[in-house]
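# Observations on the three-dimensional arrangement
Below, each chain spelled out in residue letters.
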Amino acid sequence: ITNEDDVFALNVLFTAMGAAPTLDGWSGQGGDPCSDNWKGIVCVGPNITELNLSGLNLMGTLGYALDKLRSLMILDLSNNQIKGSLPFQLPLNIQKLLLANNQLIGVLPYSLTYMSKLTDLNISNNELNGNIPDVFQTSLTDLYLGNGFNISSGTISALPPSPSPSGAESIVPMGAIIQEPLIGSADSEQGLSGGYIAGIVAALMIIILVAITVILFFMWKSKELAIKSKDACFLQGYLINTNTKFKHRSISDTATMKYMIPKGQKARDVDKTINSGISATIFNFGELQAGTNNFSQEKLIGEGASARVYKGTLKSGKVMAIKNIDTSAHMVPDKEFFDVLMGISRLRHANVVELVGYCTENGHRMLVYEYIDNGTLHEALHSEEDKNKLLTWNIRIKIALGAARALEYLHEICEPMVVHCNFKSSNILLDEDFTPRLSDCGLFALTYFGSQCQLPEQHVGSFGYSAPEFALSGVFSAKSDVYSFGVVMLELLTGRKPLDSSRPRAEQSLVCWAAPQLNDIDALSKIVDPSLKGIYPAKSLARFADVVALCVQAESDLRPPMSEVVQSLVHLVQRASVTRRQSGDELGLSQRYMERQDVGSE
Ligand SMILES: Nc1ncnc2c1ncn2[C@@H]1O[C@H](COP(=O)(O)OP(=O)(O)OP(=O)(O)O)[C@@H](O)[C@H]1O
């Protein structure tokens, strides 16, 4: 009789692929694949070791349970029409993963890098994008591309000569096909090929940059380098230039939150039972599965480095955001998971997204949050749909104040304090009236660090927000959150992204470009978001900029605590409403007019 987990995985796969008629013998529920010779299956004893399903006209998606096939060595689903993204959880013992010629989208899951036995990977001719993990360049013999991968991030040296001469920032255009395997592709008969030379040059550059990093680190450590904001810019620039990845950083104790209990609540004997004290509902997997249409693509609302988020409707009719954490990449033991969960479940603040429940059935790690339905601040500021037009100056101050209050709560009211560690505009969700709600509070310890307190490569994506001390030493503190908050304020002020490689070099790092201009009122009016069309009170802008300048200081001790930031922003909001009343609120003047009055009155 076939292994129970293997049967479950095939049942899920069969359903996800729309019960394809070409899958002879397969079933969506139960069955005995090994004894009943299900199409394309090879077993050794009760375990499925091969799935050979190439060219069977299969559609649908790959489902969510492939990782249950623990003995699977060959997975061949090439030449079908499979859609959707690659599941986070793939079978870890796979040697051959053949998915070419399908319609797969999204990024490569991080779990791929954990597949130590993987020797053949063919994912050509799909619509995949994102980064290619470095590990593929040394351990695989057969990696074909034909997708939209971003091949920056330090991977360039092992790649064949790029069609574009732009070096480390090269992008393989969507649909471009690199025919040669990445490894062993150099044509030895022609001596040193362009790609080989490029590889050597890139390797030399990396060595030089690493040496610079080490020297800088020791200078910084011994306090011989008084880091002023100019130096911070240098560091930011350095990060852009090299796409440096900082691996295996430890996190300071303040950031590893275990029991986050807002002051006033009693810390009960939290260790006695593993999940007592968690103020959240336990959901069964079936309900979440049903509520998200079997975690279908249409219900997927977002994807971060460590989780996918689905919009789901519960039995009660309530709409929720269900965060399915990638367990294959982040094996957090139960005890730690419940510890963290207990803390998160107790967070209650008007500007913090509330955890409603969770599900740990079948090894899943799912968090159920209230659904916030107006997108993220990042989308509002940077999407191409002109959404930023809705963000008037006063709304921007309101968002900054709400987000500041959320951080103040985490830093100064919760006990022990909670350091967010991943504060950025895509973690600020907006509700209908643009009230900001901070998401992922307390989650960093769970999704990134687990028991080893290590930083994975994906965090590189948030570097535009990272404080210099974190980039240099990996140490996080509440003051690092304050820096990230300053970067988000700069985003609000300028409408620009923290790192933007499409801009001229001197403007790629937002902090680097904007910080020197914050104290100059003329310069300020030139860096302000053009989509505000000049409609803002100049004084309000200047005060806002003052707060930013304090927050993004390179020396962490000089940054203000969040309670001070809140106070400054409260003054701004109060001032804005007084000015508005004075300028004729009651007379029914338009917002635009009133704000023009505000500009004039400053
Ligand atoms: N409670 C929620 N309500 C509505 N949408 C949400 C909610 N939580 C997350 N999302 C959506 O899911 C997306 C992904 O969220 P997630 O926190 O997993 O990734 P991220 O913040 O973009 O990256 P990171 O992995 O660095 O946290 C968000 O950008 C947002 O669009």
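Quick caveat: nothing in here was measured; it's all calculated off a predicted structure.

### A short note on the site of the ligand
Near the ligand, the surroundings consist of 22 residues, among which Ala305, Lys323, Glu370, Lys424 and Asn427 are the closest. Take Lys424: an N or O atom from its side chain is 2.6 Å from an oxygen atom of the ligand. Here an oxygen atom of the ligand and a side-chain polar atom of Asp440 are 2.9 Å apart. Contact with the protein chains covers 89% of the free accessible surface of the ligand, which is 610 Å². Elements that contribute at least two residues to the shell around the ligand include exactly strand S12 (300–303), strand S14 (319–325) and strand S16 (366–370). Top contributing element to the shell around the ligand by residue count: S12, with three residues. Tallied by class, the residues present in the shell around the ligand amount to ten nonpolar, six polar and six charged.

### As for the state of the cysteines
If you walk through the whole model with that rule in mind, you get one disulfide. With a sulfur-sulfur separation of 2.0 Å, Cys34 is cross-linked through a disulfide to Cys43. Looking along the S-S bond of the Cys34-Cys43 disulfide, the torsion reads about -90°, which is the left-handed sense.

### Some thoughts on the packing of helix H8 (residues 393–413) against helix H11 (residues 478–494)
Packing of H8 against H11 leaves a shortest axis separation of 11 Å and a crossing angle of 170°. Put simply, H8 runs roughly antiparallel to H11. Of H11, the residues touching H8 (which contributes Arg396, Ala400, Ala403, Ala404, Leu407 and His411) are Ala478, Asp481, Val482, Phe485, Met489 and Leu492. Grouping the constituent residues of the contact of H8 with H11 by class yields nine nonpolar, one polar and two charged.

### A few points about the packing of aromatic side chains
One pass over the structure, following the stated rule, counts nine aromatic pairs. Ring centres of Trp26 and Trp38 lie 5.6 Å apart, and the angle between their planes is 35°; this geometry places the pair in the tilted category. Taken together, the residues span a long stretch of sequence, with Trp26 in the loop between helix H1 (4–16) and strand S1 (41–44) and Trp38 in the loop between H1 and S1 at a distance of twelve residues. For the residue pair Trp26 and Trp38, the accessibility class agrees, reading buried in each case.

Here is what the cut-offs are and how they apply
Residues numbered from 1 in each chain as written. Predicted model: local features only at pLDDT ≥ 70, side-chain atom pairs only at ≥ 80, totals over all residues. Heavy atoms only, no water. Near = heavy atom within 4 Å. Polar contact = N/O pair within 3.5 Å; in protein donor to acceptor, adjacent residues only side chain to side chain. Areas by Shrake-Rupley, 256 points an atom, 1.4 Å probe, with all protein chains shown as cover. Helix = DSSP H or I, 4+ residues; strand = E, 2+ residues; numbered from the N terminus. Nonpolar A, V, L, I, M, F, W, Y, C, P; charged D, E, K, R; others polar. Disulfide = S-S within 2.5 Å. Axes fitted to C-alpha atoms, helices over the stretch in contact; angles between N-to-C directions. Parallel < 35°, antiparallel > 145°, perpendicular 65-115°, else oblique. Contact = heavy atoms within 4.5 Å. Phe/Tyr/Trp six-rings, centres within 6.5 Å; stacked < 30°, edge-to-face > 60°. Buried < 20%, exposed > 50% of the residue type's maximum accessible area, 1.4 Å probe, protein only.

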